[in-house]
Amino acid sequence: MLTLTVALTASACSGGDAPQADPGTITFMSKLFGTAPDPKGEMHQAVEKFLGKKLKITWVPNAEYTEKLNVTLASDDIPQVMVVDPHLPAFVKAAQAGAFWDLTDKLDKYPNLKPADAQTALNASINGKTYGLYRMRPLLRSAVVIRKDWLEKVGLDEPETVDDLYEIAKAFTEKDPDGNGKKDTYGLVIPKWPGNYASSSPYDVIETWFGAPNGWGERDGKIVPGFDTPEFLEANRWLKKMVDGGMVNPDFATLDAAKWNDPVQQNRGGIIIDVNIRSRQWLDLFYEQDKETYGDKVTMVGNLKRSDGKKFSYPFTGYLDSLAISKQSVRTEAELDNVLKTLDKLATKEGQVLLTNGIEGRNFEVENGDTAALINEDDPAVKTVQNDVDDAFIQLSTKGDVSIGGIAYQRVPSGEPYQEMLRLQKELVEEDLKTAVHNVALPVVSPTAVAKGAQIDTIVSDARIKYLSGTFTEEQLKAEIKRWYDSGGTQVAAEINDLVSKLGQ
């Protein structure tokens, strides 16, 4: 990593005699989900016309993005604006070496870039400093999505507690909810989770329900990792009991997350703990099967109470990536102002309508002056832009997101089940925010965690899977937690305690 650090520092501190950036062109590097937009296509041209600037965008497939980001950070050709995970070790090193603009005190004059939520801004910071504009996501999205028709078949109500959920999972496993006369169903569906501990997995949500800290929390005056608490063990004993009872899909350690909905659609599983918009994915799946009854097959509840009635809800970070501005390619305050004004314009309501819904009259029509309906792309009489173009351009914005409303028009079909699910989603979020358990260490970055993260980050998450699968005993799980401490975790914990204490000063 020495070469990388030297390259970053050299890039950040190189002399001012390099050519200035063209103020009429903004360069981006962004993640790509789906098909790369054509630079000469309608959508690209529409965004350029709206901004009055040319856009030069490097689109990188999401699966390859981290590798490409690391290579780009070590190069002498860094775009002006980059989509980054603000806590990715390589970016943290780059930002702290001076390779990116510190925006902490620079956003007040840009009305659409000022943080909409103080907690989220803190979550996306590096030890309290803002090195990027966070891309807004709902702060509370966790929910339980359930087969409504199966609930009715087994004669149970929607769950309120973890005990209720256990009974539902057991009934879904044992009482033939699909009515085919075979013992081929289970309750809870969990995929192989591609992240570390505290990566918004179903396991993390369940552990929070049981009272464990969300990632890191205070215990006896100290900040400790959630996995070093009795509640963590209690939650996993509960889940292991479900696994042992056949109430969880047997391939939970290997099921591809991209196929998470498959067991539900195929009448094998009936419960998923995930973000609330998955309920609308289910509606889509069942709508394809039966346009008349699809709304009768999906219901959703929020976070669940513990057995004693206490409720601890699992919040997310409130953001997904940040837009960081390079000091290598944006060298002066005037150039920075030009870039920030461009991003500010993209974050206006007009900008969000364009990025989220596309081109008026081509992708959507305005109804009643303040709502939008997507044009039917299956109608051959209607010309449409390339598939996924809108979703791609959302990556360039701090606010655009097809899963939230309020800024741009919401992409929700007009059918009553969809509208009812959206109303329910908002109600559950409002209620669960009252009991949200925030990760107190999210805003801070431990130097040891950056240096040793690759070696220790998966110790506990791997051990948890082995415990649930039956290849580890609880004592072996505890031994792996100790190994995390012995391998650098003790220093990480000390640094996080120190950094969190300084945040409040």
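Placed above this text is the structure.
Residues numbered from 1 in each chain as written. Predicted model: local features only at pLDDT ≥ 70, side-chain atom pairs only at ≥ 80, totals over all residues. Heavy atoms only, no water.

**Re the pairing of strand 9 (residues 269-275)**
- Burial analysis of strand 9 places 7 of its 7 residues in the buried class, which makes it a mostly covered element.
- Where strand 5 (residues 142-147) lies against strand 9, 5 bridges are found, and the strand directions are antiparallel. Paired with Ser142 across the two strands is Val275, which belongs to strand 9.
- Pairing analysis gives 2 bridges linking strand 6 (residues 186-188) to strand 9, with the strands arranged parallel. Within strand 9, the residue paired with Tyr186 across the bridge is Gly269. (Buried < 20%, exposed > 50% of the residue type's maximum accessible area, 1.4 Å probe, protein only. Helix = DSSP H or I, 4+ residues; strand = E, 2+ residues; numbered from the N terminus. Pairing = 2+ DSSP bridges.)

**Some thoughts on the pattern of salt bridges**
- In total, this model carries 22 salt bridges according to the counting rule given.
- Across the pair Glu231 and Arg219 runs a salt bridge whose closest N-O atoms are separated by 3.8 Å. Here Glu231 is found in helix 9 (residues 230-244), whereas its partner Arg219 is found in strand 7 (residues 216-219), with 12 residues between them in sequence.
- For Glu231, a relative accessible area of 19% translates into the label buried.
- The class of Arg219 is partly exposed, set by a relative accessible area of 29%.
- Among the ionic contacts, a cluster of salt bridges with common partners joins Arg237, Glu474, Glu475 and Lys478. (Salt bridge = Lys/Arg side-chain N within 4 Å of Asp/Glu carboxyl O.)

**Notes on the side chain of Gln395**
- Take Gln395: it is sitting in the loop between helix 14 (389-394) and helix 15 (416-432).
- Residue Gln395 is classed as buried on the basis of its relative accessible area, which comes to 8%.
- Ignoring anything within four residues of it in the chain, the contact list for Gln395 reads Ser30, Lys31, Phe33, Trp59, Val83, Arg135 and Leu323. (Contact = heavy atoms within 4.5 Å.)

Geometry only, nothing functional implied.
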